[in-house]
Amino acid sequence: MADPPHPPPDGNSATTTNDATISFVTPDTQAAPPKRPPLPFHDADTDTLVGNARGFTRKQLTSTPRGRPTARSSLDSNVKEQKTLLEDELVQSIVARDSTFASSLYHHVASRNAIDEFSKKTKVFDSVQQRWKLPRSHENLMEKEMYAPLVRLLNTILQKFWKGRALRQAIDTNVTNLWHIEAVETEHYSRPDISVKAEGPSFQLPHRKTRGYVGFSNMATCFEVKIERQCQPLSKVLLQLAVYASPIDSFGVQYSEEMNLHHQETRHIFVRLVLGLSSPNEYELGLDTSVNGDTLYKIASLEPIRSSFNIRGQSTTYWRVIDRKSGRLLLVKDSWRSEERVSERVCLEEAKDKGLPGVVHMMAFEEKREETKYFRGFEDETEPPSQFYNRISTRIVMDCEGKLIQDFASPMQLVCALRDAIAGHRKLFEHDILHRDISAYTIALGKQAAEVGNRGILLGLDMAIRGRSTRKTTGDNGSSDDCAYWSIVMLLNADPDRKRISLPIAHDHLDDLEAFAYVLGHIIYEFDAEGKKLTCDDDVQRWTCQGPSGSASIKEGFLRRKKLSNQAEKHWPAPCKNLLTNLGHFLKQFSDQKIEISSMPPKARTRVEQLQNILGGIDQHYNTVLQYFDTAIQDLQKDENKGPIPQTPAYSMISSSATNSPAASERTASQPSRSQGDLQNYQSSLKRILEESPDDHPDAKREHYEPPPSPTPMPRGRAARRA
């Protein structure tokens, strides 16, 4: 199984922040982005918005494919339940290969003659019996009796062929707890029989609880040992390996047929697989060596601010970086999109060209950094297995300081950020772009002292579509990290039993507005008003724990609530609680209407007409939601008694010429700003970080990206790990 090209996200750093850099890309410009005109989003083109909504109902007749959320008992599933969840993911991503695949790998690491010469001289091979010195019979053999001789064999191979080039060491870990790296804090661990410990720029010290020198964060590969008379079905063995790989792999599973490692031909294959899967060339292991290359940007923190923990999917990772020339904090996004999907770069370029507020500004991009077909050895095959979906690695640099919505510090900051992100969502749809992936991970806080309209910004346009497009987006998405924010209708669409929605209905702007409500609700139920994390309400935790139908029912009750939980009532001011209640009651009516419409055939005139009637009210939908936020902002300001704040009237109150009016200029001038002392402290802290490492790194190429050179030629299917 191949690792996605980013370092494992847990453990204490084996290097320092000063050394961490990130290679790149095709910058559009190195200068600061041009200042946008004040409050352009108030100039709402209602006719265009309504036209796009009505066109949407004619073109998007049914829902586009999405990963199906799975039921779990809690966010911190036990290992047994994790295996069940992984099994659901693996069903669609297991690819079998014949012996010719394994025999084609890693020829560059050891020639036939070199392996034969090694076999003649080493003490771990019996030249007379022509076999490795491992137990001969499994009749009375205990599994634990295999560990020591196999560890000795592996280390002899590693020391012979990798001596002096990198530290790789096989270690018996069958009684060592290797702590899991998961989306939530966990006490779970696994015990691979044998692990290969690694050192290098992409590896980190193991989890602080690990009693030993190896963990998932500094492991090149691992081996699971089974005795033939106790051998389990292949599916169970793959599932056990998937549990080990889930923190660091997102491409699915690939395996070869069984081989007798003592025979001469398979002996060569065995040695090459051991060497290839423990290679000192980290790029060959499937790790992203550009994270430590010569760069325009330096990583501000070795820990990404977001990681994916699914066995397959987009493997989205966010890094906070510092521009070496300007000292500005920026956000880098690494992800793997399905080949059939349009790159989010297309939508981001349009948003940038139009100067849309509330949408992240793309500064640089890098397409097709890698493709999984090369990792899996399918580059020469015109028709790879049906279970395989090629994925393309993309990296984007964005003008964002990297603080997500859950990093808020006050109710005012939270409400203003969500308000402007919703306004940005509206502006996107005016340009026929529907986001479709609203979550706590796709909304960021604006910069300090951001102007009204950019206090919150939208990220993550991977799932965005053109409303009027007839193109059907069919690529494999894998499982969604963010199904907690799916709307009721989208959850029921994903229900395999089709209990309430027989014909799936297309994802529209109302589903995204509902997702914004869940983001607000999740934050109110898991944090206090100053951003301190609390114990999350059970019902909110169960948004991702009950399967599609169960989660939809829980959310229906959540939207109908007239009173929040005791914890939320205690820790949040009335304007925020009223805002959440109003949003829920307003959006629930449209969910009910769409569920009723969904029973009609997709092309039935009545279905299209009724959907048009609902979506035709798009202007009112946005105006009402934004007015709820504006009222909450005004009430919060009254509670804080800190004087006037920038006014953000609903769209229906603003004429098309409002942005050029004196009143608009006054609103911009009156926005709150950071104190001079805070500004100096902020700039000084960035300056100190920047000065801690040298500035003599050459700029990245501006037109084309070349992968880091490998010390040896890359083999076909180079990172087919744990085959």
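See the structure printed just above.
Residues numbered from 1 in each chain as written. Predicted model: local features only at pLDDT ≥ 70, side-chain atom pairs only at ≥ 80, totals over all residues. Heavy atoms only, no water.

### Let's talk about the overall build of the chain
Helix and strand counts for the chain come out as 20 helices and 20 strands. Relative to its 723 residues, the chain shows a buried fraction of 59%. Counted over contacts in the chain with a minimum sequence separation of 6, partners at least 24 positions apart contribute 79%. Total accessible area on the chain stands at roughly 30,100 Å², and carbon and sulfur atoms take up 48% of it. (Helix = DSSP H or I, 4+ residues; strand = E, 2+ residues; numbered from the N terminus. Buried < 20%, exposed > 50% of the residue type's maximum accessible area, 1.4 Å probe, protein only. Contact = heavy atoms within 4.5 Å. Areas by Shrake-Rupley, 256 points an atom, 1.4 Å probe, with all protein chains shown as cover.)

### Some remarks on the environment of Leu-445
Structurally, the position occupied by Leu-445 is in strand β18 (residues 443–445). Since its relative accessible area comes to 4%, Leu-445 is described here as buried.

### Some remarks on the packing of helix α4 (residues 112–121) against helix α7 (residues 264–276)
In helix packing, the relevant descriptors are the interaxial angle and the interaxial distance, both defined with respect to the helix axes. Two elements in contact, α4 and α7, have axes whose closest approach is 10 Å; the angle formed by their N-to-C orientations is 100°. The angle between the axes of α4 and α7 places the two elements in the roughly perpendicular class. When α4 is examined against α7, the residues Arg-112, Ile-115, Asp-116 and Ser-119 are found in contact with a partner set consisting of Gln-264, Glu-265, Arg-267, His-268, Val-271 and Arg-272. A breakdown of the residues in the contact of α4 with α7 according to their chemical character gives two nonpolar, three polar and five charged. (Axes fitted to C-alpha atoms, helices over the stretch in contact; angles between N-to-C directions. Parallel < 35°, antiparallel > 145°, perpendicular 65-115°, else oblique. Nonpolar A, V, L, I, M, F, W, Y, C, P; charged D, E, K, R; others polar.)

### A look at the pattern of salt bridges
Enumeration according to the criterion identifies 26 salt bridges in this entry. In this structure, the salt-bridge partner of Asp-420 is Arg-419, at a minimum N-O distance of 3.8 Å. Residue Asp-420 is classed as buried on the basis of its relative accessible area, which comes to 0%. Taking the relative accessible area as the measure of exposure, Arg-419 reaches 0% and is therefore buried. The partner of Asp-508 in a salt bridge is Lys-594, and the shortest N-O contact between them spans 3.0 Å. Separated by 86 residues along the polypeptide, Asp-508 in the loop between α11 (488–493) and α12 (509–526) and Lys-594 in helix α16 (residues 574–597) bring together distant segments of the chain. Connected through shared salt-bridge partners, Arg-419, Asp-420, Arg-455 and Asp-630 make up one network. (Salt bridge = Lys/Arg side-chain N within 4 Å of Asp/Glu carboxyl O.)

### Here we look at the pairing of strand β13 (residues 317–323)
Remember that side chains alternate between the two faces of the sheet whenever the strand is regular. The buried fraction of β13 is high, at six of seven residues. Bridge count between strand β12 (residues 297–299) and β13: three bridges; the pairing is antiparallel. Bridged to Ile-299 within β13 is Val-321. As paired elements, β13 and strand β14 (residues 329–338) share six bridges and run antiparallel to each other. Residue Arg-320 lies in a different strand from β14, and its bridge partner there is Leu-331. Hairpin connection of β13 to β14: five residues between the antiparallel strands, including Gly-327 at a positive phi of 80°. (Pairing = 2+ DSSP bridges.)

### Some remarks on the environment of Ser-202
Note on placement: Ser-202 falls in the loop between β9 (194–198) and β10 (219–223). Using a relative accessible area of 3% as the deciding quantity, one classes Ser-202 as buried. Each C-alpha atom, one on Ser-202 and one on Thr-289, is 7.1 Å from the other, the two residues being 87 residues apart in sequence. Side-chain polar atoms of Ser-202 contact the side chain of Glu-282, separated by 2.6 Å. (Polar contact = N/O pair within 3.5 Å; in protein donor to acceptor, adjacent residues only side chain to side chain.)

### What to know about the packing of aromatic side chains
Evaluation of the coordinates by the stated rule reveals 12 aromatic pairs. Seen from their ring centres, Phe-125 and Trp-132 are 5.2 Å apart, and the 75° between their planes marks the pair as edge-to-face. With respect to burial, Phe-125 and Trp-132 carry one shared label: buried. Centroid distance Phe-586 to Phe-590: 5.2 Å. Interplanar angle 80°. Geometry classified as edge-to-face. Of this pair, Phe-586 and Phe-590 are both found in helix α16, four residues apart, which corresponds to roughly one turn of the helix. Across this residue pair, the class does not change: Phe-586 and Phe-590 are buried. In this structure an aromatic cluster arises from ring pairing among Phe-118, Phe-125, Trp-132, Phe-161 and Phe-270. (Phe/Tyr/Trp six-rings, centres within 6.5 Å; stacked < 30°, edge-to-face > 60°.)

### A look at the sheet that holds β10
Pairing in this open sheet of three strands is antiparallel, and the strands run β6-β9-β10 from one edge to the other. Of all strands in the sheet, those bounded by a partner on one side alone are β6 (168–172) and β10. Strand-to-strand twist across the sheet, computed as the mean angle between neighbouring axes with direction ignored, equals 20°. Of the strand pairs in this sheet, β9 and β10 are connected by four bridges, and their pairing is antiparallel.

### Some words on the nonpolar core
Nonpolar side chains in soluble globular proteins tend to be buried together. Ranked by internal contacts, the top residues of the largest apolar core, which has 98 residues, are Ile-405, Leu-418, Ile-443, Leu-459, Phe-516 and Ile-524. Here Leu-459 is in contact with Tyr-318, Leu-331, Val-360, Met-398, Cys-400, Leu-404, His-435, Tyr-441, Thr-442 and Ala-444, once residues within four sequence places are set aside. Counting residues in hydrophobic clusters, the runner-up holds 41 residues, among them Leu-134, Ile-157, Leu-158 and Trp-162. (Core = buried A, V, L, I, M, F, W, Y, C linked by side-chain atoms within 4.5 Å.)

### Looking at helix α10 (residues 411–430)
An ideal rise of 1.5 Å per residue puts 28 Å on 20 residues; α10 measures up with 29 Å between its terminal C-alpha atoms. Taking burial as the measure, the 20 residues of α10 include 19 buried ones, the bulk of the element. Following α10 by one or two positions, Asp-432 adopts a phi angle in the positive range, close to 65°. (Expected span 1.5 Å × (residues − 1).)

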